[in-house]
Amino acid sequence: MTGWQALLWGGASVSGIFLCAWIVARRIGNYSLVDAVWAFGIGLLALGWLLALGEPSLKIGVAGAMVAAWSVRLGWHLQRRIYRAYPEEDARYLKLRELWKRREGIAFFLFFQLQAVSVLLLALPFFWVGMDGDRSWGAWEMAGVLFAAGGISGEARADAQMARYKKTHPGPGGVCREGLWRLSRHPNYFFEFIIWLGFYLFACGSEWGWTAIHAPALILFLLLRVTGIPPTEAAALRRKGDAYRDYQKTTSAFIPWPPKKAD
């Protein structure tokens, strides 16, 4: 399979996956499932490219293991959260429903296809790894593995700490300040960025991998400005009020850092 054929196959595949996801979401009346489909979709596309383009090697195997570990862990975590909340829909999609009244169906169809485009773009680091004829292992690959493994471990730890807190503090007004959440208001987002930085560093060991700098940059932009911190903070302020405002005053928004002393 040539590179162009792989790109066309990948684009058609993810477009079809998100079309099916949109149909299911319409039938069940809940668009939240797009988050889990996004995480699983990146892993499936990246693995497909690695298998279709790359000859068996340590480099291809480790790249596949990295993206599979990230995709399965995050996708399963999101799927469980969506299932537990069902039929309640994520606040982000409820807001979009209000914004897109009377054109909700077509608007969400285009939104789901935009997610397909993002999956295609974000899987490109693994496309370049698969396309590279040099299967040698070097400093770039080692750095990428270290960053990605540290990020996956940190994100899993942050999610587990939050899950434990919600079990022991079921009310809507509590603010988790335990473990990593004492150092950052969004440690899961911070470690998500570290994972993608690791994927990029790993790709830099391949001839054209450096061109995939858009992947960690896009993730950082989404986390800081679009689908990450802004809607999460807005929802937390609505539910928790002054308790969360106090948390904002003392705790870093993104990078884990010792908290400030309260006034």
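Preceding this section is the structure that the text describes.
Now for a quick tour of the structure. As the structure is a prediction and not an experimental result, all values here were calculated from the model. (Residues numbered from 1 in each chain as written. Predicted model: local features only at pLDDT ≥ 70, side-chain atom pairs only at ≥ 80, totals over all residues. Heavy atoms only, no water.)

On the surface, a nonpolar cluster with roughly 490 Å² of combined accessible area is contributed by L58, W137, M142, L146 and F147. When you line up the elements, L146 lands in helix 7 (residues 139-168). We classify L146 as exposed; its relative accessible area is 56%. (Patch = residues over 30% accessible without salt bridge, like charges linked within 9 Å, V, L, I, M, F, W, Y side chains within 5 Å. Areas by Shrake-Rupley, 256 points an atom, 1.4 Å probe, with all protein chains shown as cover. Salt bridge = Lys/Arg side-chain N within 4 Å of Asp/Glu carboxyl O. Helix = DSSP H or I, 4+ residues; strand = E, 2+ residues; numbered from the N terminus. Buried < 20%, exposed > 50% of the residue type's maximum accessible area, 1.4 Å probe, protein only.)

Within the secondary structure, K260 is located in the segment after helix 11 (242-250). The spacing of K260 and T250 is 10 residues in sequence and 4.6 Å in space, taken between C-alpha atoms.

Before going further, it helps to examine the packing of aromatic side chains. The full count for this structure, using the stated rule, is 21 aromatic pairs. Between the aromatic rings of W22 and F109, the centroid separation amounts to 5.3 Å while the plane-to-plane angle is 70°, which identifies the pairing as edge-to-face. Note that W22 is positioned in helix 1 (residues 3-28) and F109 in helix 5 (residues 104-122), a separation of 87 residues in sequence. Overall, F109 belongs to the partly exposed group, its relative accessible area being 24%. (Phe/Tyr/Trp six-rings, centres within 6.5 Å; stacked < 30°, edge-to-face > 60°.)

Take the side chain of E192 next. Mapping E192 onto the fold places it in helix 8 (residues 187-203). Among the polar contacts listed, one links the side chain of E192 to the side chain of W70, at a separation of 3.1 Å. Look past the residues within four positions of E192 in its chain and what remains in contact with it is W70, L74, E155, I219 and L223. (Polar contact = N/O pair within 3.5 Å; in protein donor to acceptor, adjacent residues only side chain to side chain. Contact = heavy atoms within 4.5 Å.)

From the geometry alone we can't say anything about function, so treat these as descriptive.
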